[in-house]
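Residues per chain, in single letters:
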Amino acid sequence: MSHHPIAIIGAGLGGLTLAAVLHAHGVEAAVLDLDASPAARTQGGMLDIHEESGQLALRAAGLHEEFRKLIMPGGEAVRVLDKDAVVRHAEHDDGAGGRPEIDRGVLRDLLLGALPGGTVRWGAKVTGARPLGGGRHEVSLADGAAFTTDLLVGADGAWSRIRPLLSAARPVYSGVSFVEADLPDADTRHPVSAEVVGGGLLFALGHGKGFLAHREPDGGLHVYAALRVAEDWADGVDFTDLGTAKARVLEHFADWDKSLRALIADAPGPLTPRTIHALPVGHRWERVPGVTLLGDAAHLMSPFAGEGANLAMLDGAELGRALVEHPGDHETALTRYEEKLFPRSEAAAAESAANATALFAKDAPQPVVDLFAAHP
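So, a few notes on the structure that sits alongside this text. Each chain has its residues counted from 1, following the order in which its sequence is written. For this predicted model, a pLDDT threshold of at least 70 governs which residues receive local features, and a threshold of 80 or more governs which side-chain atom pairs are given and counted, while totals over whole chains, interfaces and linings are taken from all residues. Excluding hydrogens and water, the side-chain figures rest on all heavy atoms present in the structure.

### Side note on the sheet that holds strand β11 (residues 172-183)
Strand pairing in a sheet relies on backbone hydrogen bonds, with the paired strands running either antiparallel or parallel. The pairing criterion for strands is at least two bridges between them, as found by DSSP. Secondary structure elements follow DSSP: runs of H or I no shorter than four residues count as helices, runs of E no shorter than two count as strands, and numbering proceeds from the N terminus. Taken in spatial order, the seven strands of this open sheet run β5-β4-β12-β13-β14-β11-β15, and their pairing is mixed. The open sheet terminates on both sides in strands that have one partner only, identified here as β5 (87-91) and β15 (272-278). Across the sheet, the mean angle separating the axes of adjacent strands is 20 degrees when strand polarity is ignored. Alignment of strand β4 (residues 78-81) against strand β12 (residues 201-206), held across four bridges, turns out to be parallel. Pairing of R79 across the sheet is with L202, part of β12. Contacts from helix α12 (residues 366-374) reach β4, β5 and β12, with the element oriented near 30 degrees to β5. Fitted lines through C-alpha atoms give the axes, limited to the stretch in contact for helices. The angle between two N-to-C directions lies from 0 to 180 degrees. Residues count as neighbours in contact if any of their non-hydrogen atoms are within 4.5 Å of one another.

Written as structure tokens, this is what we have:
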């Protein structure tokens, strides 16, 4: 049976940040991911990387200067509309903001490029783990293989296979579902939608639902129709039939402005449903020797504070720094890391939940306009 002194389960942004910070200090770790390769699936849309969290993590990994070269100019612009497409709030990107936008896949590639070849073992799906005593664990893989590790880090997302070692908590449905769509080459092929979204981020809200959208570096638009529906709503929609799927989504927006309905109506397809889940606000666990969590595995929250990726990266950087500062003493390092992790993630999760209430209030977008006014 093989052995890894440090094993990171999950090659998302948080796990890769941890590996990159450790590598920068001469500490190697093994990263295992269930995807067959880094290109096995798309990584999602744009991320705003916050100065006090995500950017701090990139500095710790020695990657901040490279990151600045990859951000999307103008991406911090914001427009808030009501269901009649009336602009209720607008912010322009003058380049001085602290939350620049970058494509998630580009950011992941930046982190992967900072690691030695072979650090990430692709196609390694973890099915479970068990303690062996003394902080060591045995980790089982779907192909029947197994390995042992002195330090196990669950960076494996919402449905983490490592979390049960620490906590019985499971994500619960937030009450909101997304349907994702893309409008490529928007300025040429979808000029009305391009104008509605603008150069950055769009919130079009009203009566407990809305459209969220953002501009992408290739000139396309990434769109989310957000609905307060039952968790199994998407099960009753045939998303393999584009026309039927569009009709089922747009029936929720029958009295909305045509320019907003076009964000879904004009999408060349496909439409992809996503249910939004979250762990309880304030999720934490008692210290268990030799294992910890970061990112969504530790504090899955709704995306309405823009903190998920930022916190995952900060988690990775903070854990990496703690391990470097306490060589050979994993328990002290994990204790120091978790002491900061719990209050930080609780505050962010509470903010995300509060923002969701504002976004999907009956009188939206007014509560969102008020939020922007309170935080200029």
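### Here we look at the layout of surface pockets
Volume-wise, the second largest pocket comes out at about 150 Å³. Taken together, the elements giving at least two residues each to the lining of the second largest pocket come down to β11 and α11 (330-359). Gly counts as polar in this scheme, as do all residues outside two lists: the nonpolar Ala, Val, Leu, Ile, Met, Phe, Trp, Tyr, Cys and Pro, and the charged Asp, Glu, Lys and Arg. Looking at the lining of the second largest pocket residue by residue, the classes come out as nine nonpolar, four polar and one charged. Using protein atoms alone on a 1 Å grid, points that fit a 1.4 Å probe yet trap it form a cavity, whereas open point sets bounded by protein on both sides within 12 Å along at least five of seven lines form a pocket; residues with an atom within 4 Å of a point count as lining. Grid points are joined across faces, edges and corners, and a volume is the space filled by probe spheres set on the points.

### Here's the deal with the environment of E180
Position of E180 relative to the elements: it lies in strand β11. Remark: the alpha-carbon pair of E180 and G306, spanning 126 residues in sequence, is separated by 17 Å. Those residues in contact with E180, other than ones at most four positions away along the chain, are H222, V223, Y224, P270, L271, T272 and R274. Looking at E180, its side chain comes within polar contact range of the side chain of H222, at 2.7 Å. Counting of polar contacts relies on pairs of N or O atoms within 3.5 Å, with two restrictions inside protein: one atom must be capable of donating a hydrogen and the other of accepting it, and residues adjacent in sequence are counted only when both atoms are side-chain atoms.

### Quick look at empty space enclosed by the protein
Applying the stated criterion to the full structure yields one cavity of 30 Å³ or more. For the largest cavity, the calculated volume is near 40 Å³. Around the largest cavity, the lining residues are L279, P280, G282, H283, H299, L300, S345, E346 and A349. Ranked by residues supplied to the lining of the largest cavity, first place goes to α11 with three residues.

### Remarks on the pairing of strand β13 (residues 209-215)
For every residue, the accessible area obtained with a 1.4 Å probe (protein chains only) is divided by the maximum for its type, and the residue is called buried under 20%, exposed over 50%, and partly exposed between those limits. Across the seven residues that make up β13, a large majority, seven, are buried. A two-sided burial pattern is seen for β13, the buried positions comprising K209, F211, A213 and R215 on one face and G210, L212 and H214 on the other. Here six bridges tie β12 to β13, and the two strands are oriented antiparallel to one another. In the sheet register, G206 faces β13, and the bridge partner there is K209. The hairpin formed by β12 and β13 contains two residues between the paired strands, and H207 there has a positive phi angle of roughly 55 degrees. The sheet contact formed by β13 and strand β14 (residues 221-228) spans six bridges and is antiparallel. Following the sheet pairing, A213 is matched in β14 by V223. As consecutive antiparallel partners, β13 and β14 are separated by five residues, and within that stretch G219 has a phi angle of approximately 90 degrees, a positive value.

### A few points about the packing of helix α1 (residues 13-24) against helix α4 (residues 104-113)
The N-to-C vectors of α1 and α4 enclose an angle of 25 degrees; their axes lie 9 Å apart at closest approach. As summarised for this structure, α1 and α4 are arranged roughly parallel, according to the angle between their axes. Remark: the crossing between α1 and α4 carries left-handed chirality. Between α1 and α4, the residues in contact are L13, L16 and T17 and R104, L107, R108, L111 and L112, respectively. Along the lines of polarity and charge, the residues of the contact of α1 with α4 split into five nonpolar, one polar and two charged. For classification purposes, angles smaller than 35 degrees are called roughly parallel, those larger than 145 roughly antiparallel, those between 65 and 115 roughly perpendicular, and all remaining angles oblique. Should the near helix be turned counterclockwise from the far one by less than a right angle, the crossing is left-handed, whereas a clockwise turn marks it as right-handed.

### Let's talk about the nonpolar core
I8, L32, L58, L107 and L319 are the most contacted members of the largest nonpolar core, which totals 58 residues. It is α1 that contributes the most residues to this core, seven residues altogether. Leaving out residues up to four positions away in the same chain, L58 has contacts with I49, L63, H64, F67, L107, L110, L111 and M313. Residues V196, L250, W256 and L260 belong to the second largest nonpolar core, which totals 32 residues. Here, the term nonpolar core denotes a set of buried Ala, Val, Leu, Ile, Met, Phe, Trp, Tyr and Cys residues that are joined through side-chain atoms within 4.5 Å.

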